[in-house]
Amino acid sequence: MSKSLGNFTDPNELMDKFSADSLRFLMLSSPLLNGEDFALHDKDVGDVAHKLSMIWNMYDFFTMYAEVDGWEFNGELTDPLSDLTNPLDIWIVSRLHQLVAEVERHMDTYNIPDALSPILPFLDDATNWYVRRSRRRFWKSEDDGDKNDAYRTLHYVLVRLSYMLAPFTPFLAEELYHNLTGDDESIHLKDWLPAGEIDSSMLRDMNALRAAVNDGLSKRAAEGIKVRQPLASAKLINTISQDTSEEVAQFLIDIARDELNVKSVEIATDSESEVRRRNRALFMT
């Protein structure tokens, strides 16, 4: 990249097109901060902008249904994990706390690129798994405890994201925090919030389930069988831990059945050597 050759887009144009936060996030996560070379491409800034926009997609989804149902923030941000019963809520809050802990660990050593590396994958998890799997909970007409937990959880996740993103995407974090809390004080004057509790078993089981679902969808694609075509059964190998409660196990099985569009799901155990020999974690018929 050379100023005399003009072989790069003016940063002001990039910020006008994609946002200053997107350019800032890309630069902070680049090898530049380790003293290495980095080529700035417009597409990379656009990719970051697209991924950061998932935050606003979640915000828009939340506010749309919260306004319809009259759900309001009570002004006190507290860790809801101990009060939650829905496995999806427990998983995303644990996943959020896991993320905050990892970001904090790297920031303590001023390793900014590694601090930013897990953020975008989390946004994908929150948007394409938690919100997508929770849509029916927001849609249902009855105002039960589960629906309230869904609102409380998504609001907590978004507000905590504003705290965590404040050093990296200051404009996004400021607007997100103000819109969600109504607090006139800047997010940049707040103390950093440490990570809360983590349900490790839920993280383990949900991660294993998602891996098995992805495996099954890949096998469908390889065989040319579209997802809308139902199949008789699927067998998940070593996916749900033996110490998982029956209620949670059934919840996860229901997710697998829905995602894979099969009539029944069987959880089976197998020896490690056999799993490696077969080189797969899910079988479908």
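Residues numbered from 1 in each chain as written. Predicted model: local features only at pLDDT ≥ 70, side-chain atom pairs only at ≥ 80, totals over all residues. Heavy atoms only, no water.

Novice: Describe the packing of helix α1 (residues 11-18) against helix α2 (residues 20-28), with residues and values.
Specialist: For any two helices packed against each other, one specifies the inter-axial angle together with the distance between the axes. Between α1 and α2, the least distance of the axes is 6 Å, while the angle of their chain directions is 115°. Across from P11, L14, M15 and F18 in α1, the residues of α2 making contact are A20, S22 and L23. Across the contact of α1 with α2, the residue classes break down as 6 nonpolar, 1 polar and no charged. (Axes fitted to C-alpha atoms, helices over the stretch in contact; angles between N-to-C directions. Helix = DSSP H or I, 4+ residues; strand = E, 2+ residues; numbered from the N terminus. Contact = heavy atoms within 4.5 Å. Nonpolar A, V, L, I, M, F, W, Y, C, P; charged D, E, K, R; others polar.)

Novice: An account of helix α8 (residues 170-181) is requested, with residue identities and associated values reported.
Specialist: Under the 1.5 Å per step criterion, the end-to-end length of α8 is 16 Å for 12 residues, consistent within 8% with the ideal 16 Å. Residues P170, L172, A173, L176, Y177 and L180 constitute the buried set of α8. Seen end-on, α8 carries its buried residues on one side only, within an arc spanning 160°. Buried residues along α8 sit against α2, α3 (42-69) and α7 (145-165). (Expected span 1.5 Å × (residues − 1). Buried < 20%, exposed > 50% of the residue type's maximum accessible area, 1.4 Å probe, protein only. Arc of directions from axis to C-beta.)

Novice: Describe the pairing of strand β2 (residues 262-268), with residues and values.
Specialist: Sheet topology places strand β1 (residues 231-237) next to β2; 6 bridges connect them, and they run parallel. If you follow S233 over to β2, its bridge partner there is S264. This β-α-β element, β1 to helix α10 (residues 246-260) to β2, shows right-handed connectivity. (Pairing = 2+ DSSP bridges. Right-handed = clockwise from strand over helix to strand, strands pointing away.)

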